[in-house]
Amino acid sequence: MKLLSHHLQSSRSAWRSILTQPLEHLVNVVVLGIIILICLVSITIGNNLNIWQNNNLIHPQIIIYLDQNSTSSDIGKVEKELRKLSGTTLRTYKFISRQQALNDLQQDRKLKEIASDVVDENNNPLPDVFIVEAATTNPDEVNRLNLQLSQLPKVEDTHLDVNYANKIGNLVDFSYKIITFVQLICIVIVALVVYNLIRLQMLLKVDAISVSRLIGASDSFIMRPLIHYAVLQVTVATLFAVGGVYFLTGRVNHLLFNLNSLFGKGIQILPLSLIQLVTMWLILITFTIFTVFMAVRWVFRNTYHN
Amino acid sequence: MVSDTLIQFDQVTKHYGANITALNHLSFTIAKGELVFLAGHSGAGKSTILKLIAGIEVANSGNVVINGINLAKISQNQRTFIRQHVGIVFQDHKILYDRNVFDNVRLGLDITGLYTKQEVNERVVHALTAVGLEHKLRAHPEQLSGGEQQRLCIARAVVHKPKILLADEPTANLDRENALKILELFKAFHKAGVTIVISAHDESLLSDYGKRILYLNNGRFRG
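If you're wondering where the values come from, they're calculated on a predicted model, not measured in any experiment.

Asks: Before we go on, may I ask you to explain the overall build of chain B in this structure?
Replies: Across its full length, chain B holds seven helices and 10 strands. Relative to its full complement of 223 residues, chain B shows a buried share of 40%. For chain B, contacts bridging at least 24 residues in sequence account for 69% of all contacts bridging at least 6.

Given below as structure tokens:
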């Protein structure tokens, strides 16, 4: 009860401090907000990268060319093998029959002109094809899958763009590393800004703190209002950043909406979920409290000696 | 055996740096409810004794025992906690100019965190009434005279009803009339049962009170 009363009093004091000098504190909130915004944007990109990856937007494809003489029974056998691999190393597969490929070719005006001399209903050189999407972007795993598929019966050849797969894999890995790095940097910067904020607050209130300690104030009595002050600022900055990231997501989705009509795919940026936002806020608050603790210890050690 | 001793110094020595010896093997006791004056010239060691009692400083050797607790054997946090039960009147007032008279006095209560809002209001008003500042509740410290500022400092020191009241040169910057008024205030608190230790360099003010005076000279008792 006593502790709750202390915290309520400290919270009131923090609000009073911010409301009496809103402009001074607005600068802090904006600085913190921008850093947290960058952090949230990086998390949003990471999330969507994951979603795009799962939605096959950046999965490597392997094309399986069947033997010209393959029968529907052979096709069924290959499909049976592919079905076994589905959900493990293989994400999806699609069968395109030689007849369908021919029809598509004939409907394509440019290709039709090029192939008209050698391709017709009675002379179809096109093979039956399975287009397989790997479940992973890991180049080694994709290569293994490619080898496995090439050894299936009645498979004439498989085609994998190894460079493409490698590039995609490397790009995704690199993106995750960058995103993790940006998040860590942002948290460190937030901690440094809060550290400096608290240090300055303590130096501004040097008389009050000094007198309080002389008449018996404990470290926690001094620290409590500073924790509330910092937590309040970080919370307001987080709200500011959340607003910012939702605004940016909306703008980007508006642009993507126009592109979707060109690519025919429903690509959009998904915003962060409430759980992610609350988790992020809790992480920031934990770091903030720890930082206040460190800052107070530093100032006590270097400024006060009683 | 129940002892009446509240404050005990046993062979206490305190150095500041390598060359300054503020107290040199000093021993004395102060009983519960006693009013004791510390007299002596500037640098005699008066303030150091008060700081050692308050736990603001720690002795280099010897024992400072307050109400049976040896301050050398407890942690910094515990010494801070003990200060919550001691009233201190500082030589330089240590008034906070960023808040009014009421808020200056309530600081002593806020630190303990033991009182409700109503209790805080009652105690602050009572303390300010005791020192004659009840009409300046909302005034700012810079609007007070030197004597009033000293009384404000006393109100803050007594607002939580401490068992021990320490006053470091409370009359130093006051004229004789105001100085006597301040000493009368301490006398009133003493009558209420508070143990009081007051340091003063103007010995002429102290002799009329018929209380024990400890004369200090270079960290030792004189004569």
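Now, onward.
Asks: Sorry if this is basic, but what is going on with the sheet that holds strand S2 (residues 20-31) of chain B here?
Replies: Pairing between sheet strands relies on hydrogen bonds along the backbone, with the strands arranged either parallel or antiparallel. All names here are of chain B. As summarised here, the arrangement of the four strands in space is S2-S1-S4-S5, forming an open sheet in which the pairing is antiparallel. Each having just a single partner strand, S2 and strand S5 (69-70) make up the two edges of the open sheet. In this structure, strand S1 (residues 5-16) lies alongside S2, joined through eight bridges in antiparallel fashion. Its bridge partner lying in S2, Thr5 is registered against Ala31. Contacts from helix H1 (residues 46-54) reach S1, S2 and strand S4 (61-66) within the one sheet, and its direction differs from that of S1 by about 120°.

Asks: What should I look at first to understand the environment of Leu184 of chain A in this one?
Replies: Residues and elements named next belong to chain A. The topology assignment puts Leu184 in helix H7 (residues 162-204). On the neighbour-count criterion, Leu184 (11 C-beta atoms within 10 Å) is exposed. Along the chain, Leu184 and Cys39 lie 145 residues apart, while their C-alpha atoms are 8.4 Å from each other.

Asks: Hey, could you run me through the interface of chain A and chain B in this one?
Replies: Interface size, as often reported, equals the accessible area lost upon joining of the parts. Taken together, the contact pairs 14 residues of chain A with 14 residues of chain B. Within the residue set of the side of chain A that touches chain B, elements represented by two or more residues are helix H1 (2-20) and helix H8 (206-214) of chain A.

Asks: I keep staring at the sheet that holds strand S3 (residues 129-134) of chain A and nothing clicks. Help me out?
Replies: Residue and element names in this part refer to chain A. Taking strand neighbours across the sheet as the criterion, the four strands line up as S2-S3-S1-S4 in an open arrangement whose pairing is antiparallel. Edge positions in the sheet fall to strand S2 (90-96) and strand S4 (155-160), since each of these pairs with one other strand and no more. Averaged over all pairs of adjacent strands, the angle between strand axes in this sheet comes to 20°, irrespective of strand direction. Sitting on the sheet, helix H6 (residues 139-150) touches strand S1 (61-66), S2, S3 and S4, and the angle it makes with S4 is about 165°.

Rules used throughout
Residues numbered from 1 in each chain as written. Chains lettered and ligands numbered in written order. Predicted model: local features only at pLDDT ≥ 70, side-chain atom pairs only at ≥ 80, totals over all residues. Helix = DSSP H or I, 4+ residues; strand = E, 2+ residues; numbered from the N terminus. Buried ≥ 20, exposed ≤ 12 C-beta atoms within 10 Å, placed from the backbone. Contact = placed C-beta atoms within 7 Å. Pairing = 2+ DSSP bridges. Axes fitted to C-alpha atoms, helices over the stretch in contact; angles between N-to-C directions.

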